[in-house]
Amino acid sequence: MPEAMVASRASKGAGTAATQTVDVAVVGAGFAGLYLLYRLRKAGFSTVILEEAGDVGGTWYWNRYPGARCDIQTIDYSYSFDPELESAWKWSEKYATQPEILRYLGFVADRHDLRRDIRFGTKVTSATWDETAERWQIATNSGAKVSCGYYIMATGCLSAPKPPEIDGVKDFKGDIYFTGRWPHEGVNLAGKRVAVIGTGSSGIQAIPLLAEQAAQLTVFQRTPNFALPAHNGAPPAERLAALEGDRAAYRDQARWSMVGVPWPQQTIVSWQLTDAERRERFEAGWAAGDLAYILTQLWADQGVDLDGNRIVADLIREKIRGIVKDPETAAALTPLDHPFGAKRPCLDTNYYATYNRPNVTLVNLRAEPIKAITASGITTGKRSFEVDVIVFATGFDAMTGAIMAVHPVTGRDGKSLSDVWANGPQSYLGVSVAGFPNFFMITGPGSPSVLSNMAVSIEQHVDWVVERLAALRDAGFTTMEATEAAQAGWAQHMADCSTLTLHRLANTWYTGANVPGKAQGVMPYTGGVGPYRSICNDVVAQGMLGFRLSGPNGAEQCNDGEIVRLQPDVRLVLGLLAQMNLPPFETMGAQGARDFLTEFNKGRPAGRPVGEVGDGVLMGSEGPLPYKLYRPATPGPHPIVVYFHGGGWVLGDQQSDDPFCRDMCRRTDMIFVSVGYRHAPEHRFPAAAEDGYAATRWIAEHAAELGGKAGPVLVAGWSAGGNIAAVTCQLARDRGGPEIGGQLLLCPVTDCTFDRPSYVDNGANYFVTRGLMFWFWDLYCSPADRTDPRVSPLRGKLAGLPPAFVTTCEFDPLRDEGIAYAEAMAASGVAVEQLKARGHFHSSFTMVDVVITGVGGRIKMAEALRRFAGLPPEVKLPPQKLDAAAS
Ligand SMILES: Cc1cc2nc3c(=O)[nH]c(=O)nc-3n(C[C@H](O)[C@H](O)[C@H](O)COP(=O)(O)OP(=O)(O)OC[C@H]3O[C@@H](n4cnc5c(N)ncnc54)[C@H](O)[C@@H]3O)c2cc1C
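Residues numbered from 1 in each chain as written. Predicted model: local features only at pLDDT ≥ 70, side-chain atom pairs only at ≥ 80, totals over all residues. Heavy atoms only, no water.

S.K.: Explain helix α2 (residues 31-42) here, please?
M.R.: Quick reminder: α-helices carry 3.6 residues per turn. Residues three or four places apart thus point the same way. Relative to the 16 Å expected for 12 residues at 1.5 Å per residue, α2 spans 17 Å between its end C-alpha atoms, a close match to the ideal helical length. Along α2, 10 of the 12 residues are buried, which leaves the element largely enclosed by surrounding structure. When α2 is considered as a whole, its buried residues turn out to be Phe-31, Ala-32, Gly-33, Leu-34, Tyr-35, Leu-36, Leu-37, Tyr-38, Arg-39 and Leu-40. Taken from the residues just after α2, Gly-44 is the one with a positive phi, measuring 90°. (Helix = DSSP H or I, 4+ residues; strand = E, 2+ residues; numbered from the N terminus. Expected span 1.5 Å × (residues − 1). Buried < 20%, exposed > 50% of the residue type's maximum accessible area, 1.4 Å probe, protein only.)

Written out as structure tokens, the structure is:
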């Protein structure tokens, strides 16, 4: 449909002072507003949309600059709610242009007759919650007023252009354009000297086309961005075939993916690949011309780990150098200040090659900042540029800009949203704000929004909000409001999530860094689209957890609390384990459980390279025992840590905690010797304890042969291994050595009672269960022996033990006995440090490169071990060794 026809159907702004009364008022008629209107109508709510623009389209109404396109493949960046629409509309390109997307949104509006409830040319200026009437009163620039039960801001994450912060803009006598407010009639730049300020997505899309039109183009760049070729063309046949083959499955995969595009979760990590394999993967990604692909499919660690990220960033930098002929320009265009993906990368068509054109000049504002805009051009610290036109591609006051521009939004007790958000946006799920009843945001700060395919995130938010409003009505409630506790919990979860990815390491519009004076913090939800969806579903399943609902005659329901207490990756891991529906270990028999664990461990990420990994045999209490030795890459001799693996005295072996030993070897710069002690039921109590002690003595005596430093050894262990480490320290004290410099006890078993609260609270749902622990105890130790300090060290004498670092996890049945042991040792005069890991479970710290949020804890543990060895706590991690063949 031609654009003119779309525009001609626009209804007029009402321009009346009469108050319109509706169930729901929506602000914004972009992707979100249109779908809201469709759903709200279907649900029987009277609805009006208030829209500043002259027609539907939102982003695609305003951003008409040359080259404006989507950067998620258009077949993915489309509505999925109307299967017939999917057949009725055919996209002409892999990445559609702005006019085509605008036509699409117009087509959708027509198809569902949406325009009749949209008041165009109407800008919302303020909104006030009327506590008595339980309604929002909305004011607009036209004087028209709206009274509504529910107020939904579908105002867009990238819809408030950021004003230029340069002196003298108003003095400029030439033409000024903003990419985000490009004139509808287009701009003729032929023969003009044009300046572009800004090299974010819009600048990168526009610059190649502006360069073709203008006589001279000067690009003023503050921060270079990573850009990848779009390789635009027809929608890729294989993707279309996948969509058309099974639309429902395709869309569903997108909904449950991490970024809203149906790519599988990548599990291969960078150090499992050779240089050649990594390059091959990268070249395939570069050729694919797909942002979501290159961000998620190369190797699993690129978005979460600096080493993995650096590899892809370097390969892109190499490409830039290969394309841009002038080395100085290439250097200026090369991003060095942020990890790839931490700032939104751009998709381009001929962007870098444009700088080879004779009519294009790059000005690096890091080297020569703009001093002023004058009547005739732009002056930097070094030069003046005479120009006829300035194009500002300076981006948006993202995520909060359009919401805060409605001022005031006044909630309960006269509180203004701008005051509540003075130190950064607070929300519950990015959809509602405590103190603002019946107020909703679509893709608000705190939701995946701009870190996702927005079409998917918008549909999810709209579905969720409309279904909640319908359920509220059906239950006879009239108001719905997030609680402070739920909101604070969400802020904590957001903070936990932001440690997962590298977004926190870049100053970007994701963090508010592009707007002077704006509060800083990662605004979008970084935990992923699928996990976010499941959390929203959980809120409903748990009786609207974190929302206060109220209705006539004092009716009230409030199931208060935090929706996610687990660390985000722990939640994912537990979810995956639950989906696998594994039989309980205790039903498999000891050998069956061991075999199962061996198979299970094959699926985990390979541990990282260390200097050397070797096998050997040492003398245990009754005979030889295998061990595995992890040596750092640095020159020795190194202090030695004797390590005892977990597995309830029944499972595991000297290599079952391999990734943990490698990681700790790297972080401590110490030798780790993992001991293959004997297991129950073949060898019951006290075999494991005695082996642990004997092995420690043997290792201490053979330290020099092992390449270790003379002097005290350290001991460490996880779970039952923590028990053996603790017992070893007691035995070494009582039996005259060896000298132990410190003990690291990770989620240790310390006592034989099962009645501490953590056994009750965490006994069923966190992988290590009460039933499993009973089984382990039964196999290892008869009831008569259980109070022996060699298995219940909490019952032993604790004075005179080496300094200890005790890590316990909030969601672990063993939590309280670990804390009890730490406290009892401290009470006996032992130097004890505790790490009480919030939101973690029993396996959090040993699931290296799976539970990414465990890194901080392992750093603390490594620092403690180094202190025990008399070394400065911090160690600089060796750079990732890039050969897969590395140990
Ligand atoms: C150039 C560009 C390319 C993009 N490409 C992609 C992409 O490829 N993939 C992707 O997922 N996302 C992309 N985005 C993000 C894009 O913003 C979203 O995908 C999506 O269009 C947002 O839809 P929305 O309805 O939430 O908001 P918008 O489309 O921004 O619509 C919000 C509407 O609210 C109106 N409004 C705001 N405040 C008021 C007020 N006070 N009163 C009245 N009306 C108001 C605005 O006029 C606007 O029309 C892109 C953004 C830009 C700028």
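S.K.: For this particular structure, what's the right way to read the sheet that holds strand β14 (residues 377-380)?
M.R.: Strand order in the open sheet made by the 3 strands is β13-β14-β15, with antiparallel pairing throughout. Of all strands in the sheet, those bounded by a partner on one side alone are β13 (370-373) and β15 (384-386). Sheet twist, expressed as the average angle between the axes of neighbouring strands with direction ignored, equals 15°. Summarising the sheet, β13 and β14 pair through 3 bridges and their orientation is antiparallel. Residue pairing in the sheet places Ile-373 in a bridge with Ile-378 of β14. (Pairing = 2+ DSSP bridges. Axes fitted to C-alpha atoms, helices over the stretch in contact; angles between N-to-C directions.)

S.K.: Explanation requested: the confidence of the model for the chain in the structure shown.
M.R.: Low-pLDDT portions of the prediction should not be read for the details of their coordinates. Here the chain averages 94 in pLDDT, and 97% of its residues register 70 or above. When the criterion is pLDDT under 50, residues 1-15 qualifies, and its contacts beyond four places in sequence or with other chains add up to 29 contacts. Low pLDDT, under 50, characterises residues 881-887; the predicted model gives this stretch 19 contacts beyond four residues in sequence or across chains. (pLDDT = per-residue confidence, 0-100. Contact = heavy atoms within 4.5 Å.)

S.K.: Would you mind showing me how to read the sheet that holds strand β19 (residues 479-482) here?
M.R.: Hydrogen bonding along the main chain pairs the strands of a sheet, whether they run parallel or antiparallel. Pairing is antiparallel in the open sheet, where 3 strands are placed in the order β19-β20-β21. Pairing within the sheet leaves two strands with one partner each, and these edge strands are β19 and β21 (556-558). On average, adjacent strands in this sheet sit at an angle of 15° to one another, irrespective of strand direction. With 4 bridges joining them, β19 and strand β20 (residues 547-550) adopt antiparallel strand pairing. Residue Thr-479 lies in a different strand from β20, and its bridge partner there is Ser-550. Contacts from helix α16 (residues 454-474) reach β19 and β20 within the one sheet, and its direction differs from that of β19 by about 130°.

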